[in-house]
Amino acid sequence: MTTTPFAIDPQALQHTVTEALGALAKRVDLRLGEVTVTVAPTDWHAAAKALRDAPGCQFEQLIDLAGLDYADYGNGGWEGQRFCVTLHLLSVSLNQRLRLKTFLVDDELPAVDSVNDLWNAANWFEREAFDLYGIVFEGHPDLRRILTDYGFIGHPFRKDFPTSGHVEMRYDAERQRVIYQPVTIEPREITPRIIREDNYGGLQ
């Protein structure tokens, strides 16, 4: 009976991935023992396919896919593209993990190819990123909202989305149905009140 080693050397994985992707990879970084590959949106699908199929990579399983909004990253000092898609891959056969990222070109209509044809697990993850961030996954077989209501306006995980939302819903007894109306909650900033006992911490 053969056994798979517990973990591959991260530097060896970085080298293998760099060789496998070639010009498709803009960067292959190794930080804190984790390998992160950054590619252009136009190379997203091709790079994902190569990582799934190339010898020494063999990332058969998609663990997670998520959108990110860098609007206020670094206290507003971020100068790159606003929206990013990242996915986490696992090679069960080689017992190794990898992160793949791409920064989307158009901040007004962020879009990238779907990888649902490579990993079926991407289906609902891509729908979630579409719903919460407004990222369009071209070629997705059924790109609909998955967490918010059908008539929901906006994308609630975007940094510029108001914390109280745009509309609220309530049951109207006269109409005997749920209705939508503008938000009636007034935005406010709550500063916690700090109360300390006398001689707190041994201070006189």
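Note that the structure is a prediction, hence the values are computed from the model and not measured.

A. Local environment of the environment of Ala20. Topologically, Ala20 is positioned in helix 1 (residues 10-21). Its relative accessible area of 32% is what places Ala20 among the partly exposed residues.

B. Structural view of the packing of aromatic side chains. Taken as a whole and assessed by the stated rule, the structure comprises four aromatic pairs. Ring geometry for Tyr133 versus Phe157: centroids 5.8 Å apart, planes at 80 degrees, classification edge-to-face. Taken together, the residues Tyr133 in helix 4 (residues 122-133) and Phe157 in the loop between strand 7 (136-138) and strand 8 (167-172) connect sequence positions 24 residues apart. By relative accessible area, which is 47% here, Phe157 ends up partly exposed. A network of ring pairs unites the aromatic residues Tyr70, Tyr73 and Phe103 as a single cluster.

C. Examining the pairing of strand 8 more closely. Across six bridges, strand 8 lies against strand 9 (residues 177-182) in antiparallel orientation. Across the sheet, the residue bridging to Asp172 is Arg177, located in strand 9. If you look at the hairpin formed by strand 8 and strand 9, you'll find four residues sitting between the two strands, and Gln176 has a positive phi there, around 55 degrees.

D. Structural view of unusual backbone geometry. The backbone phi angle of Asn95 is positive, close to 55 degrees, even though this residue is not glycine. Here Asn95 is to be found in the loop between strand 4 (83-91) and strand 5 (96-103). With a phi close to 55 degrees, Gln176 is a non-glycine residue in the positive phi region. Turning to its location among the elements, Gln176 is positioned in the loop between strand 8 and strand 9.

E. Representation of a nonpolar patch on the surface. Taken together, the side chains of Ile153, Val167, Met169, Tyr171, Val178 and Tyr180 define a hydrophobic patch exposed on the protein surface, amounting to about 600 Å² of accessible area. Sorting elements by how many residues they give to the nonpolar patch places strand 8 first, with three residues. Position of Tyr180 among the secondary structure elements: in strand 9.

F. Focus on the nonpolar core. Membership of the largest hydrophobic core comes to 35 residues, with the highest contact counts inside it found for Val17, Val37, Leu51 and Val115. Elements that contribute at least two residues to this core include exactly helix 1, strand 1 (25-31), strand 2 (34-39), helix 2 (44-53), strand 3 (61-69), strand 4, strand 5 and helix 4. Ignoring sequence-local partners within four residues, the contact set of Val17 consists of Val28, Val37, Leu51, Cys57 and Leu98.

G. Region of the structure containing the sheet that holds strand 4. Ordered in space as 1-2-5-4-3, the five strands form an open sheet in which the pairing is mixed. Looking along the sheet, the strands with just one partner apiece sit at the ends: strand 1 and strand 3. Neighbouring strand axes in the sheet, compared pairwise and without regard to direction, differ in orientation by 20 degrees on average. Where helix 1 meets the sheet, its contacts fall on strand 1, strand 2 and strand 5, and the angle it forms with strand 1 comes to roughly 175 degrees. Helix 2 rests against strand 2, strand 4 and strand 5 of the sheet, and its axis sits at about 175 degrees to strand 5.

H. Main features of the environment of Glu168. Within the secondary structure, Glu168 is located in strand 8. Considering only alpha carbons, one finds Glu168 and Gln181, 13 residues apart in sequence, at a separation of 5.6 Å. Discounting chain neighbours no more than four positions away, the residues touching Glu168 are Ile179, Tyr180, Gln181, Pro182, Val183, Thr184 and Ile185.

I. Looking closely at helix 4. The end-to-end C-alpha distance of helix 4 is 16 Å, a good match for the 16 Å that twelve residues give at a rise of 1.5 Å each. Buried residues along helix 4 sit in contact with strand 3, strand 4 and strand 7. Positive phi appears at Gly134, one or two residues downstream of helix 4, with a value of about 80 degrees.

J. Structural view of the confidence of the model for the chain. Averaged over every residue, the pLDDT of the chain is 88; residues scoring 70 or more account for 87%. The low-confidence segment residues 1-6, where pLDDT is below 50, has five contacts with residues more than four positions distant or belonging to other chains.

Calculation notes
- Residues numbered from 1 in each chain as written.
- Predicted model: local features only at pLDDT ≥ 70, side-chain atom pairs only at ≥ 80, totals over all residues.
- Heavy atoms only, no water.
- Helix = DSSP H or I, 4+ residues; strand = E, 2+ residues; numbered from the N terminus.
- Buried < 20%, exposed > 50% of the residue type's maximum accessible area, 1.4 Å probe, protein only.
- Phe/Tyr/Trp six-rings, centres within 6.5 Å; stacked < 30°, edge-to-face > 60°.
- Pairing = 2+ DSSP bridges.
- Patch = residues over 30% accessible without salt bridge, like charges linked within 9 Å, V, L, I, M, F, W, Y side chains within 5 Å.
- Areas by Shrake-Rupley, 256 points an atom, 1.4 Å probe, with all protein chains shown as cover.
- Salt bridge = Lys/Arg side-chain N within 4 Å of Asp/Glu carboxyl O.
- Core = buried A, V, L, I, M, F, W, Y, C linked by side-chain atoms within 4.5 Å.
- Contact = heavy atoms within 4.5 Å.
- Axes fitted to C-alpha atoms, helices over the stretch in contact; angles between N-to-C directions.
- Expected span 1.5 Å × (residues − 1).
- pLDDT = per-residue confidence, 0-100.

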